[in-house]
There are 8 protein chains.
Amino acid sequence: MDVRQMLKEVQEGKLSIEEAEGRLKDLPYEDLGYAKLDHHRSLRSGFGETVFCQGKPDEYLVKIYRSLAEQDGRVLGTRASWEQYEMVKAAVPQAVYDPISRILKVEIEQIKTGLVAVCTGGTADIPVAEEAAQTAEFFGCNVERIYDVGVAGIHRLLSQRERIVKANCVVAVAGMEGALGTVIGGLVENPVIAVPTSVGYGASFHGLSALLTMINSCANGISVVNIDNGYGAGYIATQINRLAVR
Amino acid sequence: MDVRQMLKEVQEGKLSIEEAEGRLKDLPYEDLGYAKLDHHRSLRSGFGETVFCQGKPDEYLVKIYRSLAEQDGRVLGTRASWEQYEMVKAAVPQAVYDPISRILKVEIEQIKTGLVAVCTGGTADIPVAEEAAQTAEFFGCNVERIYDVGVAGIHRLLSQRERIVKANCVVAVAGMEGALGTVIGGLVENPVIAVPTSVGYGASFHGLSALLTMINSCANGISVVNIDNGYGAGYIATQINRLAVR
Amino acid sequence: MDVRQMLKEVQEGKLSIEEAEGRLKDLPYEDLGYAKLDHHRSLRSGFGETVFCQGKPDEYLVKIYRSLAEQDGRVLGTRASWEQYEMVKAAVPQAVYDPISRILKVEIEQIKTGLVAVCTGGTADIPVAEEAAQTAEFFGCNVERIYDVGVAGIHRLLSQRERIVKANCVVAVAGMEGALGTVIGGLVENPVIAVPTSVGYGASFHGLSALLTMINSCANGISVVNIDNGYGAGYIATQINRLAVR
Amino acid sequence: MDVRQMLKEVQEGKLSIEEAEGRLKDLPYEDLGYAKLDHHRSLRSGFGETVFCQGKPDEYLVKIYRSLAEQDGRVLGTRASWEQYEMVKAAVPQAVYDPISRILKVEIEQIKTGLVAVCTGGTADIPVAEEAAQTAEFFGCNVERIYDVGVAGIHRLLSQRERIVKANCVVAVAGMEGALGTVIGGLVENPVIAVPTSVGYGASFHGLSALLTMINSCANGISVVNIDNGYGAGYIATQINRLAVR
Amino acid sequence: MDVRQMLKEVQEGKLSIEEAEGRLKDLPYEDLGYAKLDHHRSLRSGFGETVFCQGKPDEYLVKIYRSLAEQDGRVLGTRASWEQYEMVKAAVPQAVYDPISRILKVEIEQIKTGLVAVCTGGTADIPVAEEAAQTAEFFGCNVERIYDVGVAGIHRLLSQRERIVKANCVVAVAGMEGALGTVIGGLVENPVIAVPTSVGYGASFHGLSALLTMINSCANGISVVNIDNGYGAGYIATQINRLAVR
Amino acid sequence: MDVRQMLKEVQEGKLSIEEAEGRLKDLPYEDLGYAKLDHHRSLRSGFGETVFCQGKPDEYLVKIYRSLAEQDGRVLGTRASWEQYEMVKAAVPQAVYDPISRILKVEIEQIKTGLVAVCTGGTADIPVAEEAAQTAEFFGCNVERIYDVGVAGIHRLLSQRERIVKANCVVAVAGMEGALGTVIGGLVENPVIAVPTSVGYGASFHGLSALLTMINSCANGISVVNIDNGYGAGYIATQINRLAVR
Amino acid sequence: MDVRQMLKEVQEGKLSIEEAEGRLKDLPYEDLGYAKLDHHRSLRSGFGETVFCQGKPDEYLVKIYRSLAEQDGRVLGTRASWEQYEMVKAAVPQAVYDPISRILKVEIEQIKTGLVAVCTGGTADIPVAEEAAQTAEFFGCNVERIYDVGVAGIHRLLSQRERIVKANCVVAVAGMEGALGTVIGGLVENPVIAVPTSVGYGASFHGLSALLTMINSCANGISVVNIDNGYGAGYIATQINRLAVR
Amino acid sequence: MDVRQMLKEVQEGKLSIEEAEGRLKDLPYEDLGYAKLDHHRSLRSGFGETVFCQGKPDEYLVKIYRSLAEQDGRVLGTRASWEQYEMVKAAVPQAVYDPISRILKVEIEQIKTGLVAVCTGGTADIPVAEEAAQTAEFFGCNVERIYDVGVAGIHRLLSQRERIVKANCVVAVAGMEGALGTVIGGLVENPVIAVPTSVGYGASFHGLSALLTMINSCANGISVVNIDNGYGAGYIATQINRLAVR
């Protein structure tokens, strides 16, 4: 909405006061009563609204998927269960589901650009990493997966260095002591998004230990998202990748 | 060091085994005994080594500044006191100091490119914000400062929206309840680096409250650095800005 | 009990010493053995005793509902399960249950006065918000519900501003980073009761993050109740609303 | 600013597009560069802007007091030191200072209305209580002070019950185990604002223990502000008192 | 074992060196392999060994009960499930079980002496209180139960004051904000053992809030045991009661 | 105050209604304005009011000591500084001070009875232990001091066993890992009051580690007071000792 | 890989540049796609790769066991369930499982050397202790088991002293207050590895209390591994035992 | 003390019962009243008693140094200040002091054996590392110092690998994110003792972050001591080194 243009139309009598007043309040979201869907979001930010499936009442979830699929043509949902997938699929047949990342999506074909690298410390971190990787792919990035390169066996990581340094952004996913981000941060030139995972036991406190490690990293160029928040990391990696390729 | 080239020279007899063996171990840092300076860092990553001044013994600090100033021509130091400034200035006369950000630097003229925005919630967050802003400027970014726009008076922030959305990266600096990053994250398209500050009292626990707020942000596109770590945020903003303008 | 009046009766011989002594100890509650019900509470404070259903042994729960329904005519219970509802309904047929708020109540018709607004950051916060809203309604307030207006999309909240400012008290319910209270606090003139919810994941620590955010709010006029304590917020909102309309 | 009126003037040609556009952006605060003062705040909310003195640079502090004193005629500042008082007094002679509450203010005569009660558990909680009491008085409330009535000697509190129940709002200030709020909450009909203080030692963790006690109170009608935040409690008490007396 | 007597026997040749050496090492416990039962404990301390049933493998549990029942004639077990009760009962028919306190015991008739009072804040604290009360009874104390006298309705507690002050030791059991101990501590002359319970929700953190409240109590004469540790409190109350009645 | 007697006097006309009403409210404390001294406390509980000196304003402190010394003849104050001692001594010449325990007292001769043992893990715990020991002595107990018997050299503790087992109550004072209480608890028959101290470094977190150790003790008969709260432990030990010797 | 030898072969033309380049990158692990197995690990460190079974997808687990069993002849897996055992056994028949320690292994006969002692505080700590003991045995140590010797009954521990002091390394496994390590540390000359367990309740916080106790131990010679990390302790004990017997 | 021999002497009448009884209690430490010095400790464990200087009263400290220097010939003290050094030196002239490690010692010449490596992440960790290194040297180890090899520049660490792998034990000292231990653990065969340091800022929480990182390390062979506890690490490294070289 261009305020100047609108005011001009008011001045020229092309627009009534009431209409102008309305437009100033009129925000582009659809109110489903229980939720306010923001279809124009992808216009504004280049990203559609993402559905956090976990805990959503069944009826709402299906309606949200149908509404977004119809209007935007594509939907990205995270933390979906198999049951939710089957329910949504009945209403939106083109929906696809990946049980590792728990992503439930409706996708349109697109050309992928740039490069994001997603690394994990161990194999148990892969579900979070896949949430990040598939998010970045959904939003149009090429993704290089480099898994199980934890720093306790530093040669595994170093042997993959060449693949990592090419990326516009590296997502470093690790639980336990969470040191992966720091070592990668010392190897690459571009930003590293560190994702602590809740993988670990004992005093890992469901990811708190890895979170503190990453926040306190002595390497430059590392910023951190919430524990297990693969989606958030994939989103930021996409933002950075877009800046790099535009 | 090009391994292929070096191996070729060994094959052709141009390089002795001993020399090759040495080179494979020879890493490009200068060992001052008490510290290992990495002059080639700026070649590798585009960023020179930064000096964390706080707590450095006087004698070491001066030597490090002299060595970096001579070899790299410029030095960025953070968390410097006025006393450290005077001591360094005696040895490196071109050093300049800003008591707000506590940055002590030797700079060379350069053309700035791109745009980074640095916002604060309150006036007490300005020292951390200046550390971020001056770091980004040192590394070649244009910086837009937008201070005292905390979300308790949301109109102050909204009136600055146009200045914020233009930036390739926004640094959001806030203490107390730390909600600035979330609101900015909902307004802009590009990445937001959130910096919790230790500003606050009572149950702010020296920045822990703001850190948790930012890590748990419900907005997309926000990643977080350590409490009061303006330098880290300025560094990442520079990385992102470089990708955007290259 | 009027001490002066009682003493006068003793002086005048209308009341024996033993009776007077007894009255001084006699407090107006009914002792069921396992619990002490306070029927006169509504006389003293204008609020009947509320039943916290969760974890109450079945037999006790039914007895408590029956006793309160008979003597006070109405009962408010929170955190009730569907099973508890069915059990209570068998004994107290006029009991009604709302599975969203988990409120199980016996209500009498009444005229509602004043206005309380209840806002949520997201849709997942609605159960807690409904506990607050229905508590305020039970105690005689008009309630305006304004849901899913989280600060990551600040335009959604701002478009509802007019509805919010009219309330005598605003209840702000939010999980994750919990910034809703601060932004509302900056928009309204009347008190805001902030309710952190356990909605979130990763480092939200079951609502601790939102609690800290709200306690550290940089806005004026915000006070905080326990995590997920919708009932408590609805109660306080009622107290304030009553003062405003009396 | 009345949007409807303004649009009408644009339509009627009484207002240029440029001016209208400007007004829509023009927010009523004064930008001192380092801080944005909100003189119109008292119009909007009935409360002037309050100055948090602690840590403010000297020069800024004096300018802020002078600006607010000139335009609003009165200023409330909290957490001021004696040195800040002397500095401000030189520029704003009518400023007065109370070393117990650390409030530094410029006041205008006014009639006080309603009643707020401020209670403390011990004598060490008095500075925080005075910050609350004097804030409420500055904003026009009558205040009843009831100090040193901690629950370890419950008779002290009960003997003051009559004074407490008359207030429209009770501020309960306590450190150590912080149980004062709960007992008062069970005695009164009106809202209780609980203020945990950092008074205590050992495992009181600078007020965290009292904060948790108050947040977990089993009494109804209690909401909590930040540790030592007497100002915040006084502010909310004023909001409630105003609703009660208007 | 009397060292002096034993040495005398060695001197007199009544005891061989080997036997003496053995006795010095010989400690009066029975080694079941997986556990070392201390039958003589009741001789030494006046208390038999107590069985913490929760999590004990079935086979071990039955053997331990049988061994203690045979040798000591009585057994006290805590945190037992109904299943464990049935299993033990099959082997030790005189075992009795109370599902509220979860105590599974074999008792011998005895005369009870002295007086211990056990108070709770709410009805949900009763299981922990019963563990304390029945432990004290098992070890020979008279117990006065005073339940549901939480400080949010202080009159309920005060009306029971006379019953409480007579006890040699008061056990104060409370969850949520845990203030019961402090108020009782101010009413009685004898020691108060405070037991925080995990009753509560939100920021009660499974009893941590109540624990901190009690540890920070501003009343004299209060010491604290672990969260939900009714057994421990009953044990200490018995120790104190015994000193008082001996 | 005997309620029955008073009511009788009212009935008989010996006491006016007004006087009776007054007495029912009249509680036996002296109101100094800033503090409410409870001179009759020693009548009720057998313990005079104790002064927590730390942080008390100078003028108040002197007045409190003078008032208590005059009316009760003796005063116990804790956490006093040398400066406070000199100030109080000028007004109350019979005051004596011990810089180790930081106890500042006015004592009257008395016969000591019973036995309390006070043990420490290391020499650094002695100040807290002396606060406990001198408190118990002030209130009339014989005290056996057994210092520097930490469990890392278990023979030191075992060699003192005979002295420890004789006490009616053992106070176990320890910092660092705080295991002293558990080992003593396994050696004695009577109650152990454990006092965690803030002695330690690194992850001792100012006594939190020792507090948790003691609260989680696997020995029976241990209850815990606040970190460094020697006074509290001495007080409880006195309560128990009195029960044992009465 | 001997770099010198390889370079010599390049110089002599026996090795092509490409092959040499490859070897410098070629690290001796097998990439299964989802995991990188390090068969040569036992060559480098004397320990084969250990499988952390918990949470491994079924298909991966079986493949990993098969691959390691074929190439290394033996496999050590920890935290295995009975279901995992049955699945692995079907593919690798020589696999054996111990439900106490939850170790699932394929072993080859070997001579055991040296001595490691594994002690526990209680019987509930035995599963963790067995993980430690069987790990040490798997890697070739003799192990002395000394269970249920918690410090609350110090005579039980002291009677076992002779068995403990002979070990080259002592593993001390304890939950609750975790004091076992400190007492053992004071008894022996050789290193103690302390393992906190999650055994306990109330404020033991799933082993945090025991962890803090052990980290703060006032005894010398104690270092700590993660909560319940019996495997880690057994591994380190083996490293130390090997140094002692080589 | 040989119990068998002693008993024999009693039997043979060479030793009186009283003497024997006495010996059984007689433990080989010297009681200075305020502290119990254990001169025979070095006989038992091979390590003399170490003095923790910080906070020791001046008079005691000098006496302890004198006593140990006279009887043992050598003394190791940690956390000493310059003032303590000067005071001790006056009484024990052979005492030497290192202001970096803050070690104050009296040493006798000895041959050093074996090898311990001490590594640090940064230069700020050197004081703690020196405490470890000098402790190990005092107790007879050769020490290799490898400083400033933090994992953010992994090439610095890898270039030192050969020096590290030779050691019988590696001490890894690091603050901030504390990842050094994990990477070293993956490089070496022998045990790694990790020492978290309080170096860091923001959310490092005085070393807690590094402590959690190290406790959660995904590498094998790492155990952890308290924050900044260089002495403890040096002690354990010595124990391990002695086992390796004996």
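Higher on the page you've got the structure.
In short, a report on the structure. (Residues numbered from 1 in each chain as written. Chains lettered and ligands numbered in written order. Predicted model: local features only at pLDDT ≥ 70, side-chain atom pairs only at ≥ 80, totals over all residues. Heavy atoms only, no water.)

Looking at the overall build of chain A
Assigned secondary structure in chain A consists of 11 helices and 11 strands. By residue count, 62% of the 246 residues in chain A fall in the buried class. Once local pairs closer than 6 in sequence are excluded, the contacts in chain A between residues at least 24 apart make up 65%. A total accessible area of about 8,900 Å² is found for chain A, and carbon and sulfur atoms account for 50% of it. (Helix = DSSP H or I, 4+ residues; strand = E, 2+ residues; numbered from the N terminus. Buried < 20%, exposed > 50% of the residue type's maximum accessible area, 1.4 Å probe, protein only. Contact = heavy atoms within 4.5 Å. Areas by Shrake-Rupley, 256 points an atom, 1.4 Å probe, with all protein chains shown as cover.)

Things to note about the packing of aromatic side chains
Counting across every chain of the model gives 56 aromatic pairs over all chains. Note on Phe139 of chain A and Tyr235 of chain A: the rings are 6.0 Å apart at their centroids and 85 degrees apart in plane angle, and the pair reads as edge-to-face. With a gap of 96 residues between them, Phe139 of chain A in the loop between helix H6 (126–138) and strand S8 (141–146) and Tyr235 of chain A in helix H11 (residues 230–245) connect regions that are remote in the sequence. Judged by relative accessible area, Phe139 of chain A falls into the buried class, the value being 6%. By relative accessible area, Tyr235 of chain A is classed as buried at 3%. Arranged with centres 5.6 Å apart and planes meeting at 75 degrees, the rings of Trp82 of chain H and Tyr85 of chain H form a pair that is edge-to-face. Taken together, the residues Trp82 of chain H and Tyr85 of chain H, both in helix H5 (residues 82–91) and three residues apart, mark about one turn of the helix. Judged by its relative accessible area of 41%, Trp82 of chain H is partly exposed. A residue is classified by how much of its surface remains accessible, and Tyr85 of chain H, at 15% relative accessible area, is buried. The rings of Phe138, Phe139, Tyr231 and Tyr235 of chain A are connected pair by pair, giving a single aromatic cluster. (Phe/Tyr/Trp six-rings, centres within 6.5 Å; stacked < 30°, edge-to-face > 60°.)

Focus on the relation of the copies chain A and chain B
By a simple turn and slide, chain A fits onto chain B: the slide is 0.0 Å along the axis, the RMSD is 0.1 Å, and the turn is 180 degrees. Considering both components of the superposition, the chain copies are consistent with a two-fold axis. Interface overlap between copies: 100% of the residues of chain A at the interface are likewise at the interface in chain B, consistent with a symmetric, same-surface contact. (Least-squares fit on C-alpha atoms with pLDDT ≥ 70 in both.)

Some words on the interface of chain A and chain B
Tallying the contact residues gives 26 residues for chain A and 26 residues for chain B. In this assembly, chain A packs against chain B so that about 2,500 Å² is buried in total across both faces, 51% of it on carbon and sulfur atoms. By the criterion of area lost to chain B, the three top residues of chain A are Ile215, Asn220 and Leu243 of chain A, representing 23% of everything that side buries. Between the two partners, chain A and chain B, sit zero salt bridges. Applying the counting criterion to the chain A and chain B interface returns 10 residue pairs in polar contact (both at pLDDT 80 or more). Put simply, the parts of the chain that give the side of chain A that touches chain B at least two residues each are helix H3 (41–45), helix H10 (208–215), strand S11 (222–224) and H11 of chain A. Here the side of chain A that touches chain B gets seven residues from one element, more than from any other, and that element is H11 of chain A. (Buried area = accessible area lost by both parts, 1.4 Å probe. Salt bridge = Lys/Arg side-chain N within 4 Å of Asp/Glu carboxyl O. Polar contact = N/O pair within 3.5 Å; in protein donor to acceptor, adjacent residues only side chain to side chain.)

Focus: the sheet that holds strand S6 (residues 103–106) of chain D
Two pairing modes exist for strands in a sheet, parallel and antiparallel, and in both the strands are linked by backbone hydrogen bonds. All names here are of chain D. Pairing is mixed in the open sheet, where four strands are placed in the order S3-S4-S6-S5. Looking along the sheet, the strands with just one partner apiece sit at the ends: strand S3 (50–52) and strand S5 (96–98). Strand-to-strand twist of the sheet, defined as the mean angle between neighbouring strand axes without regard to direction, takes the value 20 degrees. As defined by bridge partners, strand S4 (residues 75–78) adjoins S6 across three bridges and the pair is classed as antiparallel. Bridge pairing in S6 links Val75 to Val106. (Pairing = 2+ DSSP bridges. Axes fitted to C-alpha atoms, helices over the stretch in contact; angles between N-to-C directions.)

Here's the deal with the pattern of salt bridges
Under the defined criterion, the tally for this structure stands at 61 salt bridges over all chains. We note a salt bridge from Glu12 of chain A to Lys14 of chain A, for which the minimum N-O separation is 3.1 Å. A residue is classified by how much of its surface remains accessible, and Glu12 of chain A, at 39% relative accessible area, is partly exposed. For Lys14 of chain A, a relative accessible area of 62% puts it in the exposed group. Between Arg79 of chain G and Glu131 of chain G there is a salt bridge, with the nearest N and O atoms lying 3.2 Å from each other. Of this pair, Arg79 of chain G sits in the loop between strand S4 (75–78) and helix H5 (82–91) while Glu131 of chain G sits in helix H6 (residues 126–138); the two residues are 52 residues apart in sequence, bridging distant segments of the chain.

Function cannot be inferred from these measures alone, as they are strictly geometric.
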